[in-house]
Structures are given as structure tokens and as C-alpha cells.
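# Geometric and topological summary
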Amino acid sequence: MIHKTDAIVLKTQPLRSSSLIVTFLTRSFGKLKGVVKGVRREREPRSAFYELFTGLEIIFYEKTRSDLHLVSDAAVIETNDHLRTRLVSIAYASYFSELADNFLEVHDPHENVFDLMQFCFRYLPSIDPERISRIFETKLLRETGLLPYLDECLQCQAQIPGGGFFSVAQGSLFCMQCQPRIVDARPLSAEALAGLRYYTRHDPEECLKFRTSQAVDRELASLMERFFIYRLGQPMKSRRFMGEIQSFLN
Ligand SMILES: [Zn+2]
């Protein structure tokens, strides 16, 4: 079966001497892996198509017995060159790509995540990348059914108007009384909780205008990092890379 879809290049790995295995985020098929033959030959004009973050329209043959398909043709829709000119943009675009690769299943379409990725790529060079990260993270978690429960204490249903306690293992909020029974519950400030609720309940456009203090930014970044390390069982490569280049970013 032959299909056509919009796609973003998330990851590439060499295959034999001249081919590539490309992991795409596609609009119609979700995450998808395809082989592109002969693209790594010298002076091959198509090689630029498969640079990370590039927006393409691809045509692929669907293999029925394998998750690895054959990409027969592609046209560039967005080069997204603006993401590759600065180290900080490369780092954050890699982070979004790694998150999508880790949390989406193959052949499980999430058109909203495709739009979200385009949205975040568009604003990455002009808006604080940490704010874009909170938008990407919360919307991705909502789409994949992993969004933390923030309405009330998971244990006793008490309202938590001020700060509470958050457990990354449970992906949920707990009150002062219940938190001693939750092994990994850590304090979450009222401002950070309000910020997290805002990000989860508003559209990406509205979240762009939302501002939090630097302390809250740090608190939310650290909460998200712990959340993803817990889910994935290890730190993400792109976050480690960000740590390594930190001194160049400031
Ligand atoms: Zn409680």
C-alpha cells in the first residue's frame, strides 16, 4: 500500500553504506520509521531532505509484516533551517523530538502533536525555550494520556488551593495530610502548581503569553525532568546535552 503524509524528521541512523533509517513524526500515521535508500551517496541532493527537524511530504510503501517502511519520495515543505543556526534551538528542538519519539507509538496518529511540534518549532527562536518546553510537555502528556492529576488530592479528594505535594511515580498531587504515605511526594509551591494548571488548561497560544517567575520556571523544569526520568527509566540524551552546553547558552 502506498501512502502520502506530512512528516517531520525526528531521528536518523545510517543503514549499510548509503541508506538511512529515518524516524518521522507524521500527520496521518503518528510516529513512523522508514528506510530511505541511496540517500547518503556523495553529492546526493536528497540528503538535505533528511536533516533533523525538516518538514517534508513523504510517500512511502507500507510494509505489512514490519514497522520499517520504504520511503520512495519526499518533498521539502519547511527546511526549519532557523532551528539549526543556534545551539540553543538545536538543543530544544532535539528535546521535543526525543520526547515525541519516546512517548508516541508507531502507527498511532496524534494530529495535535504534529501541529504542536510545528507550533513549538516556529516560536522556539523568539520565545523563552523553557516556556515552549512546558507547553510541549504538558500538551504531549495530555495527548498520550499521561497528564498529571492536579485537580485535588488523589488520596482524599481535598482541594489544594495553595501549594501541595507532587509524586512523579503517581503522576499526581497530594495534600499535606496524605503526603507522608506517598514515598516520593515532594513539595510543590502554590505558584508552580498554578503555573502547571495554567499550562495544562490553556491553548498553546495563550500559554505563550503566560509568565512565571524564574524560581517557578526552575521548579517546573525540575519537576518535568524528574517526571520524564521516572517514566523513561533514564535521563534523556537531549537534556544531558543541554546540561553540557549550559555555559555556552547563557
Ligand atoms: Zn489528601
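Keep in mind that this is a model prediction, so the values were computed, not measured.

## Looking at helix H1 (residues 87–103)
Since there are 3.6 residues in each turn of an α-helix, residues three or four apart along the chain are aligned in direction. Taking 1.5 Å per residue, 17 residues should reach 24 Å; H1 reaches 24 Å between its end C-alpha atoms and fits that length. In this fold, the buried residues of H1 make contact with strand S1 (2–15), strand S2 (19–26), helix H2 (111–123), helix H3 (129–143) and helix H7 (237–244).

## Let's talk about the nonpolar core
Phe24, Leu25, Phe96, Ala100, Met117 and Cys120 are the most contacted members of the largest nonpolar core, which has 57 residues in total. A per-element tally of this core places H1 first, with eight residues. Residue-level mapping places this core at the junction of two domains, with at least three residues from each of domain 1 (2–79) and domain 2 (87–249). If sequence neighbours within four positions are ignored, Met117 has contacts with Ile8, Leu25, Phe96 and Ala100.

## Re the domain arrangement of the protein chain
Domains assigned within the protein chain are domain 1 (2–79) and domain 2 (87–249). For domain 1 and domain 2, the distance between their C-alpha centroids amounts to 29 Å. Each partner contributes to the interface: domain 1 provides 15 residues, whereas domain 2 provides 16 residues. Counting residues per element, the ones that place at least two in the side of domain 1 that touches domain 2 are S1, S2 and strand S3 (30–36). In terms of residue count, S3 provides more of the side of domain 1 that touches domain 2 than any other element does, four residues in total. Residue composition of the side of domain 1 that touches domain 2, by class: seven nonpolar, three polar and five charged.

## Remarks on the sheet that holds strand S8 (residues 186–188)
A sheet is described by the order of its strands in space; here three strands give the open sequence S7-S6-S8, paired in antiparallel fashion. Among the strands making up the open sheet, the edge pair consists of strand S7 (172–174) and S8. Neighbouring strand axes in the sheet, compared pairwise and without regard to direction, differ in orientation by 45° on average.

## Quick word on the environment of Gln179
Of note, Gln179 is situated in the loop between S7 and S8. A sequence separation of 13 residues divides Gln179 from Phe166, and the C-alpha atoms of the two residues are 8.4 Å apart.

## With respect to the sheet that holds S1
Pairing between the strands of a sheet comes from backbone hydrogen bonds, and it takes one of two forms, parallel or antiparallel. Judged by pairing direction, the barrel is mixed, and its five strands sit side by side in the order S1-S2-S3-S5-S4 before closing back on the first. Adjacent strand axes in the sheet meet at a mean angle of 50°, parallel and antiparallel pairs treated alike. Examined bridge by bridge, S3 and strand S5 (residues 68–78) share three bridges and lie parallel to one another. Bridging across to S5, Lys33 finds its partner in Leu68. Relative to S1, H1 is tilted by about 110°, and along the sheet it contacts S1, S2 and S3.

## Quick word on the packing of H2 against H3
Between H2 and H3, the least distance of the axes is 10 Å, while the angle of their chain directions is 180°. Relative to H3, H2 is oriented roughly antiparallel. On H3, the residues that touch Asn112, Val113, Leu116, Cys120 and Tyr123 of H2 are Ile132, Ile135, Phe136, Lys139, Leu140 and Glu143.

## Concerning unusual backbone geometry
Backbone geometry at Arg16 places phi at a positive 50°, although glycine is not the residue there. Summarising the element assignment, Arg16 is placed in the loop between S1 and S2. Classification of Arg16 by C-beta neighbours within 10 Å gives exposed; the count is 9. For Gln157, which is not glycine, the phi dihedral falls at a positive 65°. Counting through the fold element by element, Gln157 comes out in the loop between H3 and strand S6 (164–167).

## Quick look at the pairing of S1
Sheet topology note: the S1/strand S4 (residues 55–61) ladder contains seven bridges and is antiparallel. Each residue of the ladder has a partner; that of His3, found in S4, is Phe60. The pairing of S1 with S2 spans eight bridges and is classified as antiparallel. Among the inter-strand pairings, Ile8 is bridged to a residue of S2, identified as Leu25. Hairpin connection, S1 to S2: the antiparallel pair is bridged by three residues, and Arg16 has positive phi, about 50°.

What counts as what
- Residues numbered from 1 in each chain as written.
- Predicted model: local features only at pLDDT ≥ 70, side-chain atom pairs only at ≥ 80, totals over all residues.
- Helix = DSSP H or I, 4+ residues; strand = E, 2+ residues; numbered from the N terminus.
- Expected span 1.5 Å × (residues − 1).
- Contact = placed C-beta atoms within 7 Å.
- Core = buried A, V, L, I, M, F, W, Y, C linked by C-beta atoms within 7 Å.
- Buried ≥ 20, exposed ≤ 12 C-beta atoms within 10 Å, placed from the backbone.
- Domains from an automatic or database assignment.
- Nonpolar A, V, L, I, M, F, W, Y, C, P; charged D, E, K, R; others polar.
- Pairing = 2+ DSSP bridges.
- Axes fitted to C-alpha atoms, helices over the stretch in contact; angles between N-to-C directions.
- Parallel < 35°, antiparallel > 145°, perpendicular 65-115°, else oblique.

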